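Chains, contacts and geometry: an overview
What follows is the residue order along each chain.
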Amino acid sequence: MLHPPHQSLQVAAVPQQRVPVRNRDQDAPWHTEAVCRRDEAGLFFAPSKEPTAARLSREEAAKRVCARCPVLVECREHALLQPEPYGVWGGLTAAERRVVLARRRRREVELQKSAPAPTVAAAG
Ligand code: SF4
């Protein structure tokens, strides 16, 4: 499992410089460009027993960081594909990701239902 970029900030001895999007190295992992590697490390995951108002405020602040992140799409897809059960990833909270995943599953089922039935090839 990939370590969340915002968690790696907490253990990184030397924060990495952000690479401008136009000069991105396509072979480098997306999280090397994560804004949260340099930003507020405690913003993305809830501390234990966090009151609801504090959680909502923290999540909105984390989303504002995500909104200026060049790898938001990659981060969001990673969190949806894993799936990551906790924290703000790609501008979505865990609850919001569950909604997106449920919608995707419903869409897949609908597409499967509407797909034409496979035809049986005529035997030689
Ligand atoms: S989108 Fe948000 S959580 Fe993801 S790497 Fe960027 S700042 Fe971090």
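Whatever comes next refers back to the structure up there.
A short tour of the structure in this document, coming up. This one's a predicted model, so the numbers in the text were calculated from it and none came from an experiment. (Residues numbered from 1 in each chain as written. Predicted model: local features only at pLDDT ≥ 70, side-chain atom pairs only at ≥ 80, totals over all residues. Heavy atoms only, no water.)

For helix α3 (residues 72–81), the complete set of buried residues consists of L72, C75, H78, A79 and L80. Looking at the buried residues of α3, the elements they touch are α2 (52–67) and α4 (94–114). (Buried < 20%, exposed > 50% of the residue type's maximum accessible area, 1.4 Å probe, protein only. Helix = DSSP H or I, 4+ residues; strand = E, 2+ residues; numbered from the N terminus. Contact = heavy atoms within 4.5 Å.)

What follows deals with a positive patch on the surface. On the surface, R103, R105, R106 and R107 cluster together to form a positively charged patch. Along the chain, the position of R103 falls in helix α4. (Patch = residues over 30% accessible without salt bridge, like charges linked within 9 Å, V, L, I, M, F, W, Y side chains within 5 Å. Areas by Shrake-Rupley, 256 points an atom, 1.4 Å probe, with all protein chains shown as cover. Salt bridge = Lys/Arg side-chain N within 4 Å of Asp/Glu carboxyl O. Lys, Arg positive; Asp, Glu negative; His and termini not counted. Charge placed at Lys NZ, Arg CZ, Asp CG, Glu CD.)

For the rest of this paragraph, the subject is the packing of α3 against α4. Viewed as axis vectors pointing N to C, α3 and α4 meet at an angle of 75 degrees, and their least axial separation amounts to 10 Å. When the interaxial angle is binned, α3 and α4 end up roughly perpendicular. Mapping the contact onto sequence places E77, A79 and L80 in α3 and R97, V100, L101 and R104 in α4. Along the lines of polarity and charge, the residues of the contact of α3 with α4 split into four nonpolar, no polar and three charged. (Axes fitted to C-alpha atoms, helices over the stretch in contact; angles between N-to-C directions. Parallel < 35°, antiparallel > 145°, perpendicular 65-115°, else oblique. Nonpolar A, V, L, I, M, F, W, Y, C, P; charged D, E, K, R; others polar.)

If you walk through the whole model with that rule in mind, you get five salt bridges. Note that R55 and E59 form a salt bridge whose closest N and O atoms lie 3.2 Å from each other. Of this pair, R55 and E59 both sit in helix α2, four residues apart, roughly one helical turn. Judged by relative accessible area, which is 12%, E59 ranks as buried. Shared partners join several salt bridges into a network, and the residues in it are E60, K63 and E96.

Residue P83 is bonded to the preceding Q82 through a cis peptide linkage, with omega at -20 degrees. Its location among the elements puts P83 in the loop between α3 and α4. Backbone geometry at K49 places phi at a positive 55 degrees, although glycine is not the residue there. Residue position: K49 is located in the loop between α1 (5–11) and α2.

What follows is about the layout of surface pockets. Quantified by volume, the largest pocket comes out at close to 250 Å³. Lining the largest pocket are 18 residues, with R55, E59, T93, A94 and A95 sitting closest to its centre. Breaking the lining of the largest pocket down by element, the ones donating at least two residues are α2 and α4. The dominant element in the lining of the largest pocket, judged by the number of residues it contributes, is α2, at six residues. (1 Å grid on protein atoms, 1.4 Å probe; cavity = no way out; pocket = protein on both sides within 12 Å on 5 of 7 lines; lining within 4 Å. Points joined across faces, edges and corners; volume = space filled by probe spheres on them.)

When you line up the elements, E50 lands in the loop between α1 and α2. Engagement of the side chain of E50 in a polar contact is seen with the side chain of R58, the distance being 2.8 Å. Among all residues touching E50, those that are not within four sequence positions of it are R55 and R58. (Polar contact = N/O pair within 3.5 Å; in protein donor to acceptor, adjacent residues only side chain to side chain.)

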